[in-house]
Amino acid sequence: MRTIEARDTTLEGAGLALLAAVSAGVLGLLATRSISPFRRGRRSADGGPTIIRAAKRLNNSSALLALSVLADSSVEHYRGMFFNKGMFLPIIASAMTLGSSLHGAHDATPRGHRVRHAIATASACIGVLGGGFHLYNVSKREGGFSWVNLFYGAPLGAPYALILAGLMGTAAEHVRDSTEGRGRLFGLPAGPAMAAVTTGGLLGTVAEASLLHFRGAYHNPFMFVPVTVPPIAAALVAKAGTERRTRWPRLTRAWLWLTAAIGFGGAGFHVYGVSRNMGGWRNWSQNILNGPPIPAPPSFTGLALAGLATLDLLQEERNA
């Protein structure tokens, strides 16, 4: 019996190690090939127009968000023993969104892709469905919407990341179909519409981080960073979306790059947080399940990329 349990633990550990390796590889690829603050001007490095650069950044945003969901939901739903078969849906949806978004990130054609669009739309719908399940999970616990249940029940903000991944992927395809920066999203010009989506995404992610860091009693002063810097980025993006001409474009871009860096830096702090648990990384198969979620902070990076794409769209619309 002990031999079987040890074998199961080994297989589980190998699966988690493979997931971590794939996640790190994809994050590194996106960081080195797609997230460059030195790409300036109205044309991207590969000679495409600004609108294509914006679409690619939206695809990169969708990919990072999907990767975060894939890694996080795999660990959290495994910890929940997949007692509900619907818990496999976000893993499948995020994996497909990750693949389609990476495909889009290397696609310079000025037209949308029906399959990518369908996958992104389906993922957003699955995210909405997951949000309902998580809401139900918290509400059915004894005490309902209490602090304890919000802390330890199904995280209400987790499906929100899958919704955003789907929205960014969908927006990327609509942006590709636009002409001369005059595309429309949700019945609005693409730039202001993406400003609203990005602002909402940043504020929602900040709310989730605030709740979980409050649970951790902000024992590390750096835990205040993701709840103070990104809200300013959200305010700057919202301001840019409502102006006829962006007044502080350099400050807004710089603050978005700072927010992107916080995403990767936060993952490093969470790795350190896992190492502080009993046994450290020698007991990683348990501590990854119980420590701070390593895949969660890069969501800020994905949303920062969406903010940079928004600025590109606004620039294109105002110069058209």
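The preceding data block contains the structure.
Residues numbered from 1 in each chain as written. Predicted model: local features only at pLDDT ≥ 70, side-chain atom pairs only at ≥ 80, totals over all residues. Heavy atoms only, no water.

Trainee: Can you break down the overall build of the protein residue by residue, with the values?
Mentor: Counting its secondary structure elements, the protein contains 11 helices and 2 strands. For the protein, the N- to C-terminal ordering of α and β elements is α-α-α-α-α-α-β-β-α-α-α-α-α. Expressed as a percentage of the 320 residues in the protein, the buried residues total 48%. In the protein, once contacts between residues fewer than 6 apart in sequence are set aside, the share between residues at least 24 apart is 73%. (Helix = DSSP H or I, 4+ residues; strand = E, 2+ residues; numbered from the N terminus. Buried < 20%, exposed > 50% of the residue type's maximum accessible area, 1.4 Å probe, protein only. Contact = heavy atoms within 4.5 Å.)

Trainee: Any details on a nonpolar patch on the surface? Residues and values, ideally.
Mentor: Residues Phe88, Ile92 and Met96 make up a contiguous nonpolar surface patch of about 280 Å² in total accessible area. When you line up the elements, Ile92 lands in helix H3 (residues 89–105). Residue classification places Ile92 among the partly exposed positions, given a relative accessible area of 47%. (Patch = residues over 30% accessible without salt bridge, like charges linked within 9 Å, V, L, I, M, F, W, Y side chains within 5 Å. Areas by Shrake-Rupley, 256 points an atom, 1.4 Å probe, with all protein chains shown as cover. Salt bridge = Lys/Arg side-chain N within 4 Å of Asp/Glu carboxyl O.)

Trainee: So what's going on with the packing of helix H6 (residues 158–177) against helix H7 (residues 190–215)? Which residues, and what values?
Mentor: Axis separation between H6 and H7 bottoms out at 10 Å; the angle between their running directions is 160°. Viewed along their axes, H6 and H7 adopt a mutual orientation that is roughly antiparallel. The handedness of the crossing between H6 and H7 comes out as left-handed. Contacts between H6 and H7 involve Ala158, Tyr160, Leu164, Leu167, Met168 and Ala171 from the first element and Met194, Val197, Thr198, Gly200, Gly201, Gly204, Thr205 and Glu208 from the second. (Axes fitted to C-alpha atoms, helices over the stretch in contact; angles between N-to-C directions. Parallel < 35°, antiparallel > 145°, perpendicular 65-115°, else oblique. Left-handed = near helix turned anticlockwise from the far one by under 90°.)

Trainee: Help me get a handle on the packing of aromatic side chains, residues and values and all.
Mentor: The relative placement of two aromatic rings is captured by the distance of their centres and the angle of their planes. Per the counting criterion, the structure on display carries 7 aromatic pairs. A centroid spacing of 4.3 Å and a plane angle of 10° characterise the contact between Phe82 and Phe88, whose relative ring orientation is stacked. Here Phe82 falls in the buried class, since its relative accessible area comes to 17%. Counting every residue linked through ring pairs, the aromatic cluster contains Trp147, Phe151, Tyr152 and Phe214. (Phe/Tyr/Trp six-rings, centres within 6.5 Å; stacked < 30°, edge-to-face > 60°.)

Trainee: So what's going on with the pattern of salt bridges? Which residues, and what values?
Mentor: Charged atoms that come close allow side chains of opposite charge to pair. According to the stated counting rule, one finds 7 salt bridges in the structure shown. The partner of Arg116 in a salt bridge is Glu173, and the shortest N-O contact between them spans 2.9 Å. In this pair, Arg116 sits in helix H4 (residues 114–140) while Glu173 sits in helix H6, placing the two residues 57 residues apart along the sequence. Here Glu243 makes a salt bridge to Lys239, at a shortest N to O gap of 2.3 Å. You can call Glu243 buried: its relative accessible area is 15%. When salt bridges with common partners are traced through the structure, they connect Arg53, Arg57, Arg253 and Asp312 into a single cluster.

Fair warning: the whole summary comes from geometry, so function is off the table for now.
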